[in-house]
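Reading the structure
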Amino acid sequence: PQQGDRDSVRCCAADNSIGWPASHSAARSRSIVPRWTLTLFFSELTSLSQREVRERKYGCDDESGRVDLLVFLIFILSSGVETIHDCRPLQPFFLNQDAPIPAFCHPDDCPCLFDPSEARFYAENFGDVFVVLVISVVHHCQPGRKAPACRSFVQVKSVPTKPVEGQKTGTSGLRKKVKVFVQDNYLANWIQALFNSLPPEDYKDGVLVLGGDGRYFNEEAAQIIIKIAAGNGVGKILVGRDGIMSTPAVSAVIREQKANGGFIMSASHNPGGPENDWGIKFNYSSGQPAPETITDKIYGNTLSISEIKMAEIPDVNLSQLGVSKYGSFSVEVVDPVSDYLNLMERVFDFQLIKSLLTRPDFRFVFDAMHAVTGAYAKPIFVERLGADGSSIANGVPLKDFGQGHPDPNLTYAKQLVGIMYGENAPDFGAASDGDGDRNMILGRRFFVTPSDSVAIIAANAQAAIPYFADGVKGLARSMPTSGALDRVAEKLNLPFFEVPTGWKFFGNLMDAGKLSICGEESFGTGSDHIREKDGIWAVLAWLSIIAYRNKDNKVGEKLISVEDVVKEHWATYGRNFFSRYDYEECESEGANKMVEHLRDIISKSKAGDKYGSYTLQFADDFDYTDPVDGSVASKQGVRFVFTDGSRLIFRLSGTGSAGATIRIYIEQYEPDISKHEMDAQVALKPLIDIALSISKLKEFTGREKPTVIT
């Protein structure tokens with residue numbers, strides 16, 4: 001053939017494997033296929049029987065579930081136009097755009113590149129030539145060569161973009177106001193930067209989980225994330241119905257389904273709604289938040305991003321359970337509760353807990369704060385454990401959390417606190433936050449500090465929780481959390497670790513088999529059943545302890561209460577008086593100046609310095625070296641530690657979306673049981689005064705009093 005002897009046909013695949021007449025209105029010129037090539041392969045086709053085609057293995061691998069397209073097309077030649085009205089079986093697919101050997105998916109997996117009416121047009125106007133054009137794809141299928149893995153066609157468009165400021169992640173992902181995230185490509189830039197930061201083997205053809213706390217903007221964000229995931233070659237997305245899935249449930253599903261990782265759409269305990277907060281973070285295949293090595297790469301890539309890979313697929317109906325397929329990419333909408341509930345049933349003795357919640361002399365209330373655990377409370381506490389339906393307060397997840405602040409503490413969980421400190425209060429109260437990873441535990445007119453909570457769970461775990469029946473591997477807390485857990489570890493002769501704030505620091509210890517139970521003073525408690533803190537887990541752990549302690553008590557006999565359990569613990573281990581002062585949304589400049597002032601003080605301090613009646617043991621800016629991988633986290637909080645074990649800690653929180661939150665932590669250990677009944681604010685007042693004095697907080701921030709006292 002001569003160089004110019006070409007049909008005016010275009011190829012619809014990047015390797016020129018199939019062409020259509022350019023004269024048709026749907027044609028889009030891309031390249032040219034010589035007429036002699038088509039004729040040659042038509043001749044070869046007509047000389048082959050079905051058996052010969054299969055034996056010669058023209059690049060089509062039947063063993064992996066793909067159909068030998070040649071056999072199908074021989075059938076077409078003998079059966080007429082109607083057979084090809086549905087064009088799906090004629091769709092070629094490729095491992096990637098550079099693959100030299102095409103392969104074919106099973107017809108059920110193949111969407112059309114063109115409308116069936118176009119297939120009829122080609123068949124009626126070109127007859128056998130239509131089939132010949134399709135058969136030209138066999139040109140590359142050499143006998144004896146195995147076709148590559150079948151990969152369906154998903155049209156991907158390149159969306160030009162440019163860097164935007166302020167996309168550095170905090171301790172738990174990227175959090176900003178909604179009005180920031182809705183700006184052009186703001187979210188898309190971060191998601192694409194994430195894929196640019198991951199090794200391809202961590203997501204290509206893999207499975208990712210997607211869930212969120214139900215807050216405003218989640219539905220729109222989910223569609224953006226799904227399309228960018230498809231555009232970057234992800235194989236499947238598992239997404240909670242309506243985009244809802246709690247943070248601990250995402251971790252559980254990642255682990256249960258052996259997914260490559262997952263996205264969590266949440267600003268945690270921060271308010272929701274058009275004028276409030278939104279956030280996004282990524283968890284790895286173990287279910288734990290991405291380490292700083294990855295979040296630092298993400299930030300670096302946000303500074304140079306120029307392109308977003310966006311799949312041209314329709315929005316997915318997230319309200320309907322089931323699978324939607326788009327070529328080789330699929331989205332499965334799943335029940336957000338089932339995997340998590342199954343895990344909880346393996347961790348806890350549900351029959352023991354049910355025996356408590358169904359007692360006529362025990363009353364329980366759980367406040368979901370109109371956040372994500374509302375989707376879990378009824379299936380778990382009511383339907384599975386037998387609690388009365390009226391025991392669930394604010395159990396419907398709302399986009400703005402009912403205009404509340406979904407932070408389970410004494411300030412923001414006002415309704416629950418009012419119930420538990422009111423007349424005829426229930427025996428047990430609990431709340432969880434926006435994304436379900438935090439918790440607050442209350443007895444009748446009695447508050448359990450998060451620091452005490454994790455220590456008491458650890459002290460009772462082996463006896464009351466089946467998951468720990470063979471013993472606890474180790475214990476850990478964040479640096480600002482009180483030393484109550486340290487004393488449990490010492491008494492039980494368990495390995496103990498002090499880590500920076502941020503749940504990701506516990507993950508390596510868990511994966512290395514060094515850690516079972518851990519907690520943070522910021523109302524986060526959990527264990528190695530997943531790689532996130534877990535609000536409902538903590539509630540079930542406390543219910544297990546109360547149920548275990550009362551399993552032999554008959555109805556009408558005095559029950560051992562939450563307060564009884566806590567005070568018995570203090571009698572055994574001593575009490576760590578603890579309080580946290582939060583100054584939210586301070587001006588960043590003043591907050592940073594305050595921290596620099598404190599760093600200047602510690603650089604000049606020495607052991608033996610006097611602060612009121614307290615003698616300094618040491619002062620530093622906490623650094624942490626991971627015992628598993630050797631990574632170092634520096635400047636994690638300014639500490640003043642005194643010789644009697646008392647501590648003052650100052651740090652800026654990375655969990656807010658605007659300004660800076662200053663947190664001051666005050667702790668004093670008291671072994672004298674006669675002093676355990678003191679109010680914490682009274683016991684800690686001398687230390688609180690010292691903290692405010694040395695920090696010059698009012699001078700730097702203008703704040704007269706804290707936003708929240710815990």
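Residues numbered from 1 in each chain as written. Predicted model: local features only at pLDDT ≥ 70, side-chain atom pairs only at ≥ 80, totals over all residues. Heavy atoms only, no water.

Another point: the overall build of the chain. Within the chain, the secondary structure is distributed over 22 helices and 29 strands. Counting contacts in the chain only where the partners sit at least 6 residues apart, residues at least 24 apart contribute 72% of the total. Carbon and sulfur atoms make up 49% of the accessible area of the chain, which amounts to about 28700 Å² in all. (Helix = DSSP H or I, 4+ residues; strand = E, 2+ residues; numbered from the N terminus. Contact = heavy atoms within 4.5 Å. Areas by Shrake-Rupley, 256 points an atom, 1.4 Å probe, with all protein chains shown as cover.)

A word on the environment of L174. Inspection of the secondary structure assignment puts L174 in strand β4 (residues 174-177). With relative accessibility at 0%, the residue L174 sits in the buried group. With 125 residues separating them along the chain, L174 and Y299 place their C-alpha atoms 10.0 Å apart. Contact partners of L174, with chain neighbours within four places excluded, come to G166, Q167, K168, T169, F181, Y186, W190, W278, G279 and I280. (Buried < 20%, exposed > 50% of the residue type's maximum accessible area, 1.4 Å probe, protein only.)

Okay, the packing of aromatic side chains next. Inspection of every chain in the model, using the stated rule, returns 21 aromatic pairs. Relative to F381, the ring of F364 lies with its centre 5.2 Å away and its plane at 50°, an arrangement referred to as tilted. With F364 in strand β12 (residues 364-367) and F381 in helix α13 (residues 374-384), this pair connects stretches of sequence that are 17 residues apart. With respect to burial, F364 and F381 carry one shared label: buried. Ring centres of F505 and Y624 lie 6.1 Å apart, and the angle between their planes is 85°; this geometry places the pair in the edge-to-face category. Highlighted residues: F505 in helix α17 (residues 504-511) and Y624 in strand β24 (residues 624-625), separated in sequence by 119 residues. Taken as a pair, F505 and Y624 share a single burial class, namely buried. (Phe/Tyr/Trp six-rings, centres within 6.5 Å; stacked < 30°, edge-to-face > 60°.)

What follows covers the pairing of strand β5 (residues 207-212). Counting buried residues in β5 gives 5 out of 6 residues, a clear majority hidden from the surface. Where β5 lies against strand β6 (residues 236-240), 4 bridges are found, and the strand directions are parallel. If you follow L208 over to β6, its bridge partner there is I237. As for the winding sense of the linkage, the β-α-β connection from β5 through helix α8 (residues 218-231) to β6 is right-handed. In the sheet, β5 pairs with strand β7 (residues 261-265) via 5 bridges, with the strands oriented parallel. Looking across to β7, one finds that G211 is bridged to I264. (Pairing = 2+ DSSP bridges. Right-handed = clockwise from strand over helix to strand, strands pointing away.)

This next bit is on the nonpolar core. Membership of the largest hydrophobic core comes to 77 residues, with the highest contact counts inside it found for F348, F364, F381, F428, W542 and L543. Element by element, the count of residues in this core is highest for helix α18 (residues 535-549), at 11 residues. Once residues within four sequence positions are removed from consideration, W542 is found in contact with F428, I441, V448, S453, I456, I457, V562, V565 and V566. With 47 residues, the next largest nonpolar core counts W190, F263, A290 and V316 among its residues. (Core = buried A, V, L, I, M, F, W, Y, C linked by side-chain atoms within 4.5 Å.)

This prediction gives the chain a mean pLDDT of 82; 77% of its residues lie at or above 70. pLDDT under 50 marks residues 1-152. Its contacts with residues more than four places away, or in other chains, come to 228 contacts. (pLDDT = per-residue confidence, 0-100.)

Counting through the fold element by element, D435 comes out in the loop between β14 (428-432) and β15 (439-443). In this structure D435 is buried but unpaired, with R175 as the nearest side chain of opposite charge at 5.6 Å. In this structure the side chain of D435 is engaged in a polar contact, spanning 2.6 Å, whose partner is the side chain of T247. Those residues in contact with D435 that sit more than four places away from it in its chain are D213, S246, T247, P248, S266, S268 and V372. (Lys, Arg positive; Asp, Glu negative; His and termini not counted. Salt bridge = Lys/Arg side-chain N within 4 Å of Asp/Glu carboxyl O. Polar contact = N/O pair within 3.5 Å; in protein donor to acceptor, adjacent residues only side chain to side chain.)

All right, on to the sheet that holds strand β11 (residues 329-334) then. Reading across from one edge, β4-β8-β7-β5-β6-β11-β10 is the order of the 7 strands in this open sheet, with mixed pairing throughout. In this open sheet, the two strands that pair with only one neighbour each are β4 and β10 (322-326). Looking at each pair of strands side by side, their axes are set apart by 15° on average, direction ignored. Each of β4, β5, β7 and β8 (277-283) touches helix α7 (residues 186-197); the most contacted strand, β8, lies at about 10° to it. (Axes fitted to C-alpha atoms, helices over the stretch in contact; angles between N-to-C directions.)

What follows covers the pairing of strand β17 (residues 475-478). Because side chains alternate across β17, one face comprises the buried residues L475 and R477, and the other comprises A476 and S478, equally buried. Of the strand pairs in this sheet, β17 and strand β18 (residues 496-499) are connected by 4 bridges, and their pairing is parallel. Bridged to R477 within β18 is E498.

Per the counting criterion, the structure on display carries 38 salt bridges. Its salt-bridge partner being K168, residue D296 comes within 3.9 Å of it at the nearest N-O pair. Pair noted here: D296 is in helix α10 (residues 292-302) and K168 is in the loop between β3 (156-160) and β4, with a separation of 128 residues, a long-range link. Its relative accessible area of 42% is what places D296 among the partly exposed residues. For D600, the salt bridge is made with K604, and the minimal N-O distance between the two is 3.2 Å. Taken together, the residues span about one helical turn, with D600 and K604 both in helix α20 (residues 588-604) at a distance of 4 residues. Each member of the salt-bridge network shares a partner with another, and the members are R477, D486, E498, D620, R639, R647 and E667.

For the rest of this paragraph, the subject is the environment of N218. By the element assignment, N218 lies in helix α8. Once the C-alpha coordinates of N218 and I264 are considered, the two residues, 46 residues apart in sequence, prove to be 9.8 Å apart.

Topologically, N232 is positioned in the loop between α8 and β6. Since its relative accessible area comes to 3%, N232 is described here as buried. Setting aside anything within four residues of it in sequence, one finds N232 in contact with Q192, F195, Y203, K204 and K309.

The contact between helix α12 (residues 350-357) and α18 brings their axes to 9 Å, and the two run at 75°. The pairing of α12 with α18 is recorded here as roughly perpendicular in orientation. Across from F350, L352, I353, L356 and L357 in α12, the residues of α18 making contact are L540, L543, S544, I546, A547 and Y548. When grouped by side-chain class, the residues that make up the contact of α12 with α18 number 10 nonpolar, 1 polar and no charged. (Parallel < 35°, antiparallel > 145°, perpendicular 65-115°, else oblique. Nonpolar A, V, L, I, M, F, W, Y, C, P; charged D, E, K, R; others polar.)

Among all positions of α12, only F350, L352, I353, L356 and L357 are buried. Burial along α12 is one-sided: seen end-on, the buried residues are contained in an arc of 160°. On its buried face, α12 sits against α11 (338-347), β12, α13, α15 (450-464) and α18. With a side-chain oxygen positioned 3.1 Å from the backbone nitrogen of Q351, the residue opening α12 is D349. (Arc of directions from axis to C-beta.)

Turning to the sheet that holds β18, a few remarks are in order. Across a sheet, strands are paired by hydrogen bonds formed along the backbone, either parallel or antiparallel in direction. The strand order β18-β17-β19-β20 describes an open sheet built from 4 strands, whose pairing is mixed. In this open sheet, the two edge strands, each paired with only one partner strand, are β18 and β20 (524-527). When the angles between neighbouring strand axes are averaged without regard to direction, this sheet yields 15°. Summarising the sheet, strand β19 (residues 517-520) and β20 pair through 4 bridges and their orientation is antiparallel. If you follow E520 over to β20, its bridge partner there is G524.

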